[in-house]
Amino acid sequence: MFDDQQPIYRQIADQIRQDILGGRLEEEEQVMSTNQYAAFYRINPATAQKAFQNLVDDGVLYKKRGIGMFVQAGARAKLQEEHRASFFGQRLDPVLAEARVIGVSAADLIAYISRKLGEDSGQ
Amino acid sequence: MNIEIRNLHQRFGDAVALNDLSLSIEGAKIIGLLGRNGSGKSTLLNIIAGFRKPTSGEVLIDGEPVFENGRITERLALIREVGDTVEDSEKVEEALRYAAYLRPNWNGERARYLLDRFEVSLKSKISSLSRGRRSALGIALGLAAQADLTILDETYLGLDAPSRYLFYDELLQDYMNQPRTFILSSHLIEEIARFLEDIVIIDHGTLMFHGNTEQFVSQGAAVTGNAADVDRFVQGKKVIGELQLGRTKSAMVYGEINSGFLEQANTDGLDVESLGVQDLFVYLTQPKGE
Amino acid sequence: MQLALITREKWRLPLSDQALLGVIAAACCAVAASVVPFIIGQFTEVTIGAWQFVAAATLWYVASSGGWLMYTLIPLYITHGQTRRGAFRVWMITGGGMVTLTAAIITLGFLVERWLYQAQGFTGYAEPVVVPDLFLSFLLAFAVFWVVGGSIGGALYRSPRFGWISIPIGLGIIALTGSFEQASARFVGFWGGTTPFLEIETMWIYRLLLVIVVCSVGWVVWMMIRHLAVRNR
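Let me sum up the structure you'll find in this document. Predicted model only: the values in this text are computed from it and were never measured.

What counts as what
- Position labels on residues start from 1 in each chain and follow its written sequence.
- Whichever chain is written first is A, and whichever ligand is written first is 1; the rest continue in order.
- In keeping with the model being predicted, local features are shown solely for residues with a pLDDT of at least 70 and side-chain atom pairs are shown and tallied solely at 80 or more, while totals for entire chains, interfaces and linings include all residues.
- Computation of side-chain values covers all heavy atoms of the structure but excludes hydrogens and water.
- The aromatic pairing rule takes the rings of Phe, Tyr and Trp, using the six-membered ring of Trp, and pairs them if the centres are within 6.5 Å, calling planes under 30 degrees apart stacked, those over 60 edge-to-face and the rest tilted.
- The rule for a charge over a ring is simple: NZ of Lys or CZ of Arg within 6 Å of the ring centre, and within 35 degrees of the ring normal.
- Strand pairing follows a simple DSSP-based rule, namely that at least 2 bridges must link the two strands.
- Strands are runs of DSSP state E lasting at least two residues, helices are runs of H or I lasting at least four, and both sets are numbered from the N terminus onward.
- Helix axes use the C-alpha atoms of the stretch in contact, all axes being lines fitted to C-alpha atoms, and the angles between their N-to-C directions lie in the range 0 to 180 degrees.
- When checking whether two residues touch, look at their non-hydrogen atoms; a contact exists if any pair is within 4.5 Å.
- Two parts lose some accessible area (1.4 Å probe) when they are put together, and adding that loss for both gives the buried area.
- Definition used for salt bridges: Asp or Glu carboxyl oxygen within 4 Å of a side-chain nitrogen of Lys or Arg.
- Polar contact is the term for a pair of N or O atoms within 3.5 Å; when the atoms are in protein, one must be able to donate a hydrogen and the other to accept it, and sequence-neighboring residues count only if both atoms are side-chain atoms.
- Each residue receives one of three labels: charged for Asp, Glu, Lys and Arg, nonpolar for Ala, Val, Leu, Ile, Met, Phe, Trp, Tyr, Cys and Pro, and polar for the others, Gly being one of them.
- Expected helix span is computed as 1.5 Å times (number of residues minus one).
- Remark: exposure states derive from per-residue accessible area (1.4 Å probe, protein chains only) relative to the maximum for the residue type, with buried under 20%, exposed over 50%, and partly exposed in between.
- We call a set of buried residues a nonpolar core when its members are Ala, Val, Leu, Ile, Met, Phe, Trp, Tyr or Cys and they connect through side-chain atoms within 4.5 Å of each other.
- Each angle receives one of four descriptions, namely roughly parallel if under 35 degrees, roughly antiparallel if over 145, roughly perpendicular if within 65 to 115, and oblique otherwise.
- The hand of a helix crossing depends on one turn: near helix anticlockwise from the far one by less than a right angle means left-handed, and clockwise means right-handed.

**Topic: the packing of aromatic side chains**
Then, in step 1: Tallied over the full model, the rule gives 18 aromatic pairs over all chains.
Then, in step 2: Aromatic ring contacts, followed pair by pair, group A:Tyr37, A:Phe40, A:Tyr41 and A:Phe52 into a single cluster.
Then, in step 3: Above the ring of A:Phe70, the side-chain terminus of A:Lys64 is found at 4.1 Å from the ring centroid.
Then, in step 4: For C:Arg231, the ring lying beneath its charged end belongs to C:Tyr157, and the centroid distance is 4.7 Å.

Next comes the structure, spelled out in structure tokens:
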């Protein structure tokens, strides 16, 4: 679908969201500048700016005047909640659709998932 | 810098290079000028920089006519392909010396740094440089001029991929350190699209598109699916290209791709994919024959 | 003072190399013009001056300098963000300087030559030298050669296909002025002979004519380049 080929600013914003979720960016930590992002990804600084603006609008980042962008307190919990909300629809539905096409049964799926979750909690 | 191009016409004998082209560019941006060979790109850039007087029409920069206006032309740098320098029999350092004399904002240190990065020796004769190294000299002359408007017209010829990426990095660095207007003309669209804020497309001497790069990309989509379904879906839309493989068909559509468009395609069981800057440009300007 | 005002911040041409070359060439000529007659003088009587040949060569050197400067200055200036007007101004000022300097050097050369010949006892060639007259004549002759050279340079840049037409026209202008101009008539022999205005009383008329020729050719050069397009590479 169209969403597979997102504009670059969306991809960069998503990258920063993933960094916060994965703990690579701490809350209240300063984010690299738009210029550093632009140089790293070889993109126009305006594009990086747009990604930051997107995150500010979503309450993930906030701006300290004259200093730069910082991760909002509580941003991780907020992102986790948002991603949980879309997890089943956006991530799992395509997998289930594929399973149906190739004939994987519901029982097999459930068995696989329980085994995986069991392994993870057993470690 | 504010560039106002009004009703430009340029004829060369019977041939029309520019046909009533009007365009206005504002702000410190990196702008890509795209067009096929012979579309009038270089002619337009020559006129913007005061290298040529148009048959009719005018170019105003910050409200003043450009042609023979030293106050304005001193703020412009147009580098054409491998760059205009002194006589080819002279050395690279001579070219820098002349630029230092003639450019009010010349940054000799930057020029020498760039030439060093591109591995061009100051002592080399210009005529002995390879095409890529000459391009590198052109890039150094263009960036070190630190002009308010820097135009690079296909200043990449002969440069290998690593050198081109070095060029892009240095250009971005220059732009970020000292925001000013850059106009880039290149056939390597895929490589430069990511750092173009705006895009200008000219075709057969007329303006075809001017606007934000993302806005441009969002106007082109490939709709793929069962041929009959695709045909029904694209009715009344502007189709700029078609591909068919067996019963599967892709139609390239140009226009507003909104949520209604996407929903409709979804219900019809059609795939919608973005075309990207280069493919969209190719479909829009491909030869149509007579 | 006036010159400094015109050129302040607009003087953007490195001329030191060319000036050095000119000084070296002039020194070589001076040495040759004194050594050759000295050697000849050992065997036979010297009846013609050597410096006049230097003067004739210098005229052509000035013409080619004017042409070369015009041909290279125009594209260099425009492609480096300067104007045609700026290039033309620098070409004129350079011409003014070069013409004055060469006229002075040539005049001085004739004076020194007389003194050398007298010292060596050559009596076959000893026409008197009237300094202001000679200097003024050469000044005008050099100016004609400079503007004609410039017009050829400008024409060749403007039109690679038809620019050559300016060469016969330019040579015609030089021949025409040379034929009634004191310096050329006396020192550049091949078209000389008829010198109708050589009477002292009417000299000012053809000097005035020469000034008009210089101004007109200069004006033609400006007309030729004022809307010029820089050539594609």
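**A short note on the sheet that holds strand β13 (residues 248–254) of chain B**
Residue and element names in this part refer to chain B.
Then, in step 1: Read from one edge to the other, the open sheet built from 4 strands follows the order β12-β13-β11-β14, with strand pairing classed as antiparallel. Each edge of the open sheet is held by one strand with a lone partner, namely β12 (238–245) and β14 (271–274). Between one strand axis and the next, the sheet turns by 20 degrees as a mean value, whatever way the strands run.
Then, in step 2: Summarising the sheet, strand β11 (residues 220–226) and β14 pair through 4 bridges and their orientation is antiparallel. Looking across to β14, one finds that Ala221 is bridged to Ser274.
Then, in step 3: Sheet strands touched by helix α9 (residues 227–234): β11, β12 and β13. Its angle to β11, the strand with the most contacts, is close to 140 degrees.

**Observations concerning the interface of chain B and chain A**
Then, in step 1: Of the residues lining the interface, 17 residues belong to chain B; the matching set on chain A comes to 17 residues.
Then, in step 2: Roughly 1,700 Å² of surface becomes buried between chain B and chain A when both sides are summed, with 57% attributable to carbon and sulfur atoms.
Then, in step 3: Among the residues of chain B in contact with chain A, B:Met176, B:Arg194 and B:Glu214 are the three that bury the most area, contributing 37% of the side total.
Then, in step 4: Joining chain B to chain A, the criterion identifies 2 salt bridges.
Then, in step 5: Between A:Lys50 and B:Glu214 there is a salt bridge whose closest N-O contact spans 2.5 Å.
Then, in step 6: Remark: the boundary between chain B and chain A carries 5 residue pairs in polar contact (both at pLDDT 80 or more).
Then, in step 7: Contributions of two or more residues to the side of chain B that touches chain A are made by α6 (161–177) and β14 of chain B.
Then, in step 8: For the side of chain B that touches chain A, a count of residues per class yields 10 nonpolar, 2 polar and 5 charged.

**Here's the deal with the sheet that holds strand β8 (residues 181–185) of chain B**
Residue and element names in this part refer to chain B.
Then, in step 1: Read across the sheet, 6 strands follow the order β6-β7-β8-β3-β9-β10 without closing on themselves; strand pairing throughout is mixed. Each edge of the open sheet is held by one strand with a lone partner, namely β6 (76–80) and β10 (206–212). Mean inter-strand twist for the sheet, computed between neighbouring axes without regard to direction, equals 15 degrees.
Then, in step 2: Across the face of the sheet, helix α11 (residues 276–285) comes into contact with β3 (30–34), β9 (198–203) and β10 while running at roughly 20 degrees to β9.

**As for helix α8 (residues 203–225) of chain C**
Then, in step 1: For α8(C), with 23 residues, the first-to-last C-alpha span of 34 Å sits near the 33 Å given by 1.5 Å per residue.
Then, in step 2: Of the residues making up α8(C), those classed as buried are C:Met203, C:Tyr206, C:Arg207, C:Leu210, C:Val213, C:Val214, C:Val217, C:Gly218, C:Val221, C:Trp222, C:Met224 and C:Ile225.

**Quick look at the interface of chain C and chain B**
Then, in step 1: With 25 residues of chain C at the interface, the matching set in chain B holds 30 residues.
Then, in step 2: Interface of chain C and chain B: buried area, both sides summed, is about 2,400 Å²; carbon and sulfur atoms make up 51% of it.
Then, in step 3: In this structure, C:Arg84 engages B:Glu68 in a salt bridge whose closest nitrogen and oxygen atoms are separated by 3.0 Å.
Then, in step 4: Seen at the junction of chain C and chain B, the total is 12 residue pairs in polar contact (both at pLDDT 80 or more).
Then, in step 5: Listed by contribution, the elements that provide at least two residues to the side of chain C that touches chain B are α3 (51–79) and α4 (84–119) of chain C.
Then, in step 6: Top element by residues in the side of chain C that touches chain B is α3(C). It accounts for 5 residues.

**Overview of the nonpolar core**
Then, in step 1: Among the nonpolar cores identified, the biggest contains 81 residues, and B:Ile3, B:Ile5, B:Leu44, B:Ile61, B:Leu149, B:Ile183 and C:Trp91 are the most heavily contacted of them.
Then, in step 2: Leaving out residues up to four positions away in the same chain, B:Leu149 has contacts with B:Met1, B:Ile3, B:Ile48, B:Ile61, B:Arg75, B:Leu76, B:Ala77, B:Thr181 and B:Ile183.
Then, in step 3: Ranked by size, the runner-up nonpolar core spans 75 residues in total, among them A:Ala38, B:Ala111, B:Ile126 and B:Leu152.

**Some details on the pairing of β13(B)**
Residues and elements named next belong to chain B.
Then, in step 1: Counting buried positions over the 7 residues of β13 gives 6, a clear majority of the element.
Then, in step 2: Where β11 meets β13, 7 bridges bridge the pair, whose relative direction is antiparallel. Within β13, the position partnered with Ala222 by the bridge is Met252.
Then, in step 3: The pairing of β12 with β13 spans 7 bridges and is antiparallel. Residue pairing in the sheet places Leu245 in a bridge with Thr248 of β13.

**Considering the packing of helix α4 (residues 108–117) of chain B against α6(B)**
Residues and elements named next belong to chain B.
Then, in step 1: One can describe the packing of α4 onto α6 by two numbers: an axis separation of 11 Å at closest approach and a directional angle of 160 degrees. Taken together, the axes of α4 and α6 lie roughly antiparallel to each other. Relative to α6, α4 is oriented so that their crossing is right-handed. Contacts from Arg110, Tyr113, Leu114 and Arg117 in α4 reach Leu166, Glu170 and Asp174 in α6.

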